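# Inside the fold
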Amino acid sequence: MSAEDNKLYKLIRYFSSTMPEGVPETVLHGCAKLLELSEESLLLILKNNGIEDPESITEVKDKIASGHKAMDELNLDEKILCSGLGVIKKSLAYCPEEFVNKEYLVKISEYDQETTINRIISDALEALPEKEKALFTQSSTMKEIFNYNNDLRKKIEDSHPNNDPRGDIGEVDNITSNRQDQSHGGNNCQFEDIDSEVMKDYLAELRQMIIEAKNSDAIEYLWSTALLISIDKGGGLTHFLKKIAGEYINCGSAIESDPAKLCSEILVQNDKDIDKKYSDWEKAERVFSAVTENPHEKLSGIICLDISEWMGEIGSSKVKEYVHKIMTIGAPVSVVFRVPFMEMQTVADLEAELSDVIPVRSITVEMPHHKQLIDYLYDKAKNNSFTITEDCRDTIEKCIIAEKNDGYFYGYKTMDKVFNTIAYEKIRYNATGKIHDKTITDDQLRSFVKLSEGDLTADEELDRLIGMEDVKKQIREVIKQIQVQQELVKQGQEVERPSIHMMFTGAPGTGKTTVARITAKLMKETGILSKGYMREIKGRDLCGRYIGETTPKTTATCREAYGSVLFIDEAYELYRSDDNSRDYGREAITALIAEMENHRDDMCVILAGYEEDMDKLMEANDGIRDRIPIKIKFPNYSREELEKIFYYMLDDKFELDRQVKKTIHEHFCALDDELLNSDTFSNARFVRNLFERVWGQASSHYDQKQGGKLKISKTDFISVKDRFDNSQHSSAKRRRIGF
């Protein structure tokens, strides 16, 4: 028997399929990838690969016990090992024969069905080059690994000048001499411009399947099975489809030479009008029928159907009928169904429903994390002859968070928008200053994306806030308590870190969001949080639209806030008193509680909202209440404080005539209790709205030719305040519905 007779070994090889079999790192990297999977996913993959022996599963889920024991004996660090293998595997994939361990090849040729994973790992560790063993110790750094990788590449280049580790390698070249240019889909073996490991694994397997299918004259069977992909908008779907197209093009099994012409995406809408409900399904059916009018033995297209709006009806006989029609038309088309990113079990359920009528395979792709998005922006700049300096990374991450905070973020698509803004502003900057370089510095970037933090420390910013003395005191007490705990731990005392999760209650405009932002900055400056950003969302933003979408959405949102503050405004919207089984707020709360507990040391969650409604949320869920010991009430501003805020906004940018100051003072003193005590009174926002209308009125008689400060007169203020007062009083009488 050969090594391929061992199912577990085959599975390990599958998860590192772009590495040569004779390199021991192949096994280590494959196992590292397996261990990253959730238990549910791993068990499902093991079962799908015919591994149902509990002993084998246990060995894998125990983190490959013997391998870790051997690692401990060699003083190998697991994190450095996994990260390091991720770097050097790109070079190892190009190792010529003289770099392959011959003794190791003999050992793996002896593997059979009885060979345990213990032996597989031990053999790999024993065959690991001594220099690499030294690299993967706890004293090593990633810089040393990168240097080693560069040396390895150079050796390969020197030994085989035509075997370029940065280019393509050639199993597919053996199939077709008419290989397309890389810009038209010629993927390199590592798919280096794909961030998702799930996508990479799929493409690597597809490449091997195309080779096998073409050799067996059975290429049409590859597109007889549909792909169900769970991925959010902006996650790289369009690029992924082009990569799939590129694989077919490379082996001469497609009618087009341009991946973009081979791919198309269709949104299958679920029309509310019952007579038009299935109209998009009928359109899709006509698209597939048109392809069969010119039948080819080669792939004619990759059609992606976005069925997100049909997730609740996939099991209906009518939808299955349309899916069956599309797939049995006989068009030489590869079908991809797209749904949002959601729980793996939900995706498996959708796959099962579709599999009743057609063969389906599913994959789940998470949204790219911040580092991937930042790297993407750097690559895009480089490809367009711009250079973004390395010190811009922190600013770019803040820009990403700002984009997410407005509620509309579409991954790579949003990063394209950000780059277009930066490029435009750079050209404008150069034209104004008569500069001709394409290098973007951090100072320039901050002005381009309009990020301004000022020169004040967080503590100074807190001091400058008008009023809310008790709020400031409580925030400083929280910070001091954690600092004391950190100092005691340094002294060797076992003192548990207090919870830093908080609740802010109060009416709109009382400063909750501002204080949360300053708190994040304060926690960064005092070393409590590593990043100190603020991720701001609304309560219902955690809830998905479909079954299975809420938990991963909540988890992903929290993951983005690790090392920072997650500020959830209107958090009471997560709880609704009616017993609605389709309300995902409670599911979001459950997922949020788990994240708050598991990451209590590197994430601060701040829930905010009206006091009465937040109290109901706490009463309804003991888990939330138990994990948020800090409750800070933000009182409404007094008349005097509102007047101070108005003058703070005026700063020294405006000129006031002698009489207007008295009028301003009289206006704020005259604010009646009904307005100030209304639960719809917007406090500082009320002042800002008044301020903006006043200087808007004053600008009507500003002489631009004469220049100077904008002058606000008594007449300007009175004219505005009379209209403003009427609108505020009428709005104060309107009550919120449903609370």
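It should be emphasised that the depicted structure is a prediction, and the values quoted were computed from it without experimental measurement. (Residues numbered from 1 in each chain as written. Predicted model: local features only at pLDDT ≥ 70, side-chain atom pairs only at ≥ 80, totals over all residues. Heavy atoms only, no water.)

### Brief notes about the overall build of the chain
For the record, the criterion: Secondary structure counts use DSSP, requiring at least four H or I residues in a row for a helix and at least two E residues in a row for a strand, with both numbered from the N terminus. A simple rule labels every residue: compare its accessible area, found with a 1.4 Å probe on the protein chains alone, to the largest value its type can have, and call it buried under 20%, exposed over 50%, or partly exposed in between. Only the protein chains shown count as cover for residues, and the accessible areas themselves come from Shrake-Rupley with a 1.4 Å probe.
Scanning the chain for helices and strands turns up 32 helices and 14 strands. Per-residue burial for the chain yields a buried fraction of 49% across its 739 residues. In the form shown here, the chain has an accessible surface area of approximately 37,000 Å², with 47% of it arising from carbon and sulfur atoms.

### Observations concerning the sheet that holds strand E12 (residues 630-634)
Using the following cut-off: Pairs of strands are assigned from DSSP output, requiring at least two bridges between the strands. Simply put, an axis is a line fit to the C-alpha atoms, just over the touching stretch for a helix, and the angle between two N-to-C directions goes from 0 to 180 degrees.
The strand order E9-E10-E11-E8-E12 describes an open sheet built from five strands, whose pairing is parallel. This sheet does not close on itself; its edge strands, each paired only once, are strand E9 (534-538) and E12. Strand after strand, the sheet turns through a mean of 20 degrees between neighbouring axes, direction not considered. Where strand E10 (residues 565-569) and strand E11 (residues 604-609) come together, four bridges link them in parallel fashion. Each bridged residue has a counterpart across the sheet, and for Val565 the counterpart in E11 is Cys604.

### Structural notes on the pattern of salt bridges
Any two side chains of opposite charge can pair, on the condition that their charged atoms come close. Basically, it comes down to this: The salt bridge criterion pairs a side-chain nitrogen of Lys or Arg with a carboxyl oxygen of Asp or Glu, the two atoms within 4 Å.
Following the criterion strictly, the structure yields 40 salt bridges and no others. Close ionic contact of Asp459 with Arg476 constitutes a salt bridge, the shortest N to O distance being 3.0 Å. Highlighted residues: Asp459 in helix H21 (residues 458-464) and Arg476 in helix H22 (residues 469-490), separated in sequence by 17 residues. We note a salt bridge from Glu469 to Lys472, for which the minimum N-O separation is 3.5 Å. With a gap of three residues between them, Glu469 and Lys472 both fall in helix H22, about one helical turn apart. Given a relative accessible area of 54%, Glu469 falls into the exposed group. Overlapping salt bridges bring together Lys371, Asp375, Glu390 and Arg393 as one network.

### Concerning the packing of aromatic side chains
Selection rule: Ring pairs are drawn from Phe, Tyr and Trp, using the six-membered ring of Trp, whenever the two centres fall within 6.5 Å, and their geometry is named by plane angle: stacked under 30 degrees, edge-to-face over 60, tilted for the rest.
Per the counting criterion, the structure on display carries 18 aromatic pairs. Ring geometry for Tyr278 and Tyr322: centres 5.7 Å apart, planes at 20 degrees, overall stacked. Of this pair, Tyr278 sits in the loop between strand E2 (263-267) and helix H14 (279-292) while Tyr322 sits in helix H15 (residues 317-328), and the two are 44 residues apart along the sequence. Each of the two residues, Tyr278 as well as Tyr322, counts as buried. Look at Tyr376 and Tyr412: their rings are 4.7 Å apart centre to centre, the planes differ by 55 degrees, and that puts the pair in the tilted class. Note that Tyr376 is positioned in helix H17 (residues 370-383) and Tyr412 in helix H19 (residues 411-433), a separation of 36 residues in sequence. Residue class for Tyr412 comes out buried when judged on its relative accessible area of 12%.

### So, the packing of helix H28 (residues 639-650) against helix H29 (residues 660-669)
Spelled out, the test is: Here the word oblique covers every angle except those under 35 degrees (roughly parallel), over 145 (roughly antiparallel) and from 65 to 115 (roughly perpendicular). By convention the crossing between two helices is left-handed if the near helix lies anticlockwise of the far one by an angle smaller than a right angle, and right-handed if it lies clockwise. Every residue pair with non-hydrogen atoms within 4.5 Å of one another is taken to be in contact. Under the grouping applied here, Gly and all other residues not named as nonpolar or charged are polar, the nonpolar ones being Ala, Val, Leu, Ile, Met, Phe, Trp, Tyr, Cys and Pro and the charged ones Asp, Glu, Lys and Arg.
Running from amino to carboxyl end, H28 crosses H29 at an angle of 140 degrees, the nearest separation of the two axes being 9 Å. As the angle between them shows, H28 and H29 are arranged oblique. Relative to H29, the crossing made by H28 is right-handed. Here H28 contributes Arg639, Leu642, Glu643, Phe646 and Tyr647 to the contact with H29, which in turn contributes Lys661, Ile664, His665, Phe668 and Cys669. For the contact of H28 with H29, a count of residues per class yields six nonpolar, one polar and three charged.

### Concerning the nonpolar core
In plain terms, the rule: Here, nonpolar core means buried Ala, Val, Leu, Ile, Met, Phe, Trp, Tyr and Cys residues that are tied together by side-chain atoms lying within 4.5 Å of each other.
The biggest cluster of nonpolar side chains holds 55 residues, and the ones touching the most others in it are Ile475, Met502, Phe504, Phe646 and Phe668. Here this core takes seven residues from helix H31 (residues 684-698), the largest share from any one element. For Phe668, the contacting residues outside a window of four places in its chain are Arg639, Leu642, Glu643, Phe646, Phe686, Val687 and Leu690. Of all hydrophobic cores here, the second largest spans 32 residues; its members include Leu81, Val87, Ile88 and Tyr111.

### Remarks on the packing of helix H24 (residues 550-560) against helix H25 (residues 585-598)
The geometry of a pair of packed helices is captured by two quantities: the angle between their axes and the separation between those axes. Remark: H24 packs on H25, axes separated minimally by 9 Å, with the N-to-C direction vectors making an angle of 35 degrees. Note that H24 runs across H25; the crossing there is right-handed. For the pair H24 and H25, contact is made by Thr550, Thr551, Thr554, Thr555 and Cys558 and by Glu587, Ala588, Ala591, Leu592 and Glu595, respectively.

### Notes on the confidence of the model for the chain
We apply this condition: pLDDT is a residue-level measure of predictor confidence that goes from 0 to 100.
Chain-level statistics for the chain give a pLDDT mean of 81 and a share of 81% at 70 or above. Low pLDDT, under 50, characterises residues 163-190; the predicted model gives this stretch 67 contacts beyond four residues in sequence or across chains. Low confidence marks residues 729-739, where pLDDT is under 50. Its contacts with residues over four positions away, or in another chain, come to 16 contacts.

### Describing the environment of Ile568
Residue placement: Ile568 occurs in strand E10. You can call Ile568 buried: its relative accessible area is 0%. A C-alpha to C-alpha distance of 6.1 Å links Ile568 and Glu536, two positions 32 residues apart in sequence.

### Things to note about the sheet that holds strand E4 (residues 333-339)
Reading across the sheet, the five strands line up as E2-E3-E4-E1-E5 and stay open at both edges, with parallel pairing between neighbours. Unpaired on one side and paired on the other, E2 and strand E5 (360-364) mark the two borders of the sheet. Looking at each pair of strands side by side, their axes are set apart by 20 degrees on average, direction ignored. Pairing of strand E1 (residues 226-230) with E4 involves four bridges; the strand directions are parallel. Along E4, the bridge assignment pairs Leu227 with Val336.

### Some thoughts on the environment of Cys82
You can see Cys82 is positioned in helix H6 (residues 78-92). For the pair Cys82 and Cys31, spaced 51 residues apart in sequence, the C-alpha to C-alpha distance is 9.4 Å.

### Things to note about H19
What counts here: Take the residue count of a helix, subtract one, and multiply by 1.5 Å to get its expected span.
Under the 1.5 Å per step criterion, the end-to-end length of H19 is 33 Å for 23 residues, consistent within 8% with the ideal 33 Å. Within the span of H19, buried status applies to Gly411, Tyr412, Thr414, Met415, Val418, Phe419, Ile422, Ala423, Glu425, Lys426 and Asn430. Along its buried surface, H19 packs onto H17, helix H18 (393-405), strand E7 (439-440) and helix H20 (442-448).

### Comments concerning the pairing of strand E3 (residues 301-306)
For the record, the criterion: Crossover handedness is defined by viewing with both strands directed away from the observer: a clockwise path from the first strand over the helix to the second marks the crossover as right-handed.
By the criterion of burial, E3 is predominantly enclosed, with six of the six residues buried. By the alternation rule, side chains of E3 split into Gly301, Ile303 and Leu305 and Ile302, Cys304 and Asp306, which are all buried. By the bridge criterion, five bridges tie E2 to E3 in an arrangement that is parallel. By the bridge assignment, Leu267 is partnered in E3 with Asp306. Bridge count between E3 and E4: six bridges; the pairing is parallel. Following the sheet pairing, Asp306 is matched in E4 by Arg338. In terms of handedness, the path from E3 via H15 over to E4 forms a crossover that is right-handed.

### Points about unusual backbone geometry
As a rule of thumb, non-glycine residues mostly have phi less than zero, and peptide bonds are mostly trans rather than cis. One non-glycine residue, Asp217, lies in the positive phi region at around 55 degrees. Along the polypeptide, Asp217 turns up in the loop between helix H11 (197-215) and E1. Given the relative accessible area of 69%, Asp217 is considered exposed. Backbone geometry at Ser385 places phi at a positive 65 degrees, although glycine is not the residue there. Along the chain, Ser385 turns up in the loop between H17 and strand E6 (387-388).

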